[in-house]
2 protein chains.
Amino acid sequence: MMEKERLQEYLYENIPLSKAMGVTVDSLSLREVVLRAPLLNNFNHKCTVFGGSLNAVATLACWSLLYLNLQSRKERFEIVITHSEVTYLKSVQEDFHAVSHMCGQTDWDKFAKALDRKKRGRICLEAIVGPKERPALLFKGTFAALSV
Amino acid sequence: MMEKERLQEYLYENIPLSKAMGVTVDSLSLREVVLRAPLLNNFNHKCTVFGGSLNAVATLACWSLLYLNLQSRKERFEIVITHSEVTYLKSVQEDFHAVSHMCGQTDWDKFAKALDRKKRGRICLEAIVGPKERPALLFKGTFAALSV
């Protein structure tokens, strides 16, 4: 399992906007990735967090979760987002985190079988973004993995 | 009508991530806002544009269009995004733009009436993002305006 420092380094090197947003990796497992970001790098004209930042950190958290889960496979995969639906519940006036998780074990099994058979598959991942215990954004994304 | 230099300045001052993404205002009218951003500030591990950046520039383009349209009203409004649905069609390997537009005159009339009567309203705005003539992302967002 990759360590959180290594994932953070990977994000900074490969997706520089993650550094501009001040994203840090709080914790990671094969079931959940928690990223954090400060208000300071992401504020808008109302001194709340810009919606584009909330969405981008949610996308990174889901992408990272899939990336970690695909590390254990023999083949390497390219991960792309194909669709997202986002509900903004309230504004965020402080530092925030994005917690990504699987939508259910069934989905993952089906996805893994598709990767075995067709070397490609699609999976739905979710993230909750906001200050602790106060969800401000619900993100649902469909991601595709393609064998490279 | 606000000039494009003034809108760009406003975005940089009020939403610093727009500067980090290298966003510039290409053109603006009450029917369409065109923002541009370079690959350089927004690349990912595949040297294509990070999905979070495509979405964020689409959000800014729609937000700007609504902001410009509300400038002519007597009251001041706070604009917040409440929902978005995004379809990613293809990857982007170069500088890109986001073109926002109204979803139809009917919607705007209904929205303006709601602002008159209730001092608040919701409107759907769309943006197409990608290199010229090659849409890579379709963004549909619901925005709320609240009298302040």
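Residues numbered from 1 in each chain as written. Chains lettered and ligands numbered in written order. Predicted model: local features only at pLDDT ≥ 70, side-chain atom pairs only at ≥ 80, totals over all residues. Heavy atoms only, no water.

1. Overview of the overall build of chain A
- Each helix and strand in chain A was counted, giving five helices and six strands.
- Seen in sequence order, chain A has helices and strands lined up from the N terminus as α-α-β-β-α-α-β-β-α-β-β.
- The globule rule puts the C-alpha radius of gyration for 148 residues at 15 Å, and the 15 Å found for chain A is close to it.
- Principal-axis analysis of the C-alpha atoms places the extent of chain A at approximately 50 × 30 × 25 Å.
- When each of the 148 residues of chain A is scored for burial, the buried share is 54%.
- Pairs at least 24 residues apart make up 67% of the contacts formed inside chain A by residues separated by at least 6 positions.
- Each charge class in chain A was averaged separately, 20 positive and 16 negative side chains, and the resulting centres sit 6 Å apart. (Helix = DSSP H or I, 4+ residues; strand = E, 2+ residues; numbered from the N terminus. Rg over C-alpha atoms; globule rule 2.2 N^0.38 Å. Buried < 20%, exposed > 50% of the residue type's maximum accessible area, 1.4 Å probe, protein only. Contact = heavy atoms within 4.5 Å. Lys, Arg positive; Asp, Glu negative; His and termini not counted. Charge placed at Lys NZ, Arg CZ, Asp CG, Glu CD.)

2. With respect to the layout of surface pockets
- In this model, the largest pocket occupies a volume close to 340 Å³.
- Along the wall of the largest pocket there are 23 residues; nearest its centre are K46 and V49 of chain A together with I79, V80 and I81 of chain B.
- Those elements that place two or more of their residues in the lining of the largest pocket are α4 (51-70) of chain A together with α4 (51-70), β3 (77-88) and β6 (137-147) of chain B.
- Take the lining of the largest pocket: its biggest share by element is five residues, from β3 of chain B.
- Across the lining of the largest pocket, the residue classes break down as 13 nonpolar, seven polar and three charged. (1 Å grid on protein atoms, 1.4 Å probe; cavity = no way out; pocket = protein on both sides within 12 Å on 5 of 7 lines; lining within 4 Å. Points joined across faces, edges and corners; volume = space filled by probe spheres on them. Nonpolar A, V, L, I, M, F, W, Y, C, P; charged D, E, K, R; others polar.)

3. Overview of the pairing of β6 of chain B
All names here are of chain B.
- One ladder, built from 11 bridges, connects β3 with β6; its direction is antiparallel. Note on β6: the bridge partner recorded for S84 is G141.
- Joining the antiparallel neighbours strand β5 (residues 120-130) and β6 is a turn of six residues, in which E133 adopts a positive phi near 70°. (Pairing = 2+ DSSP bridges.)

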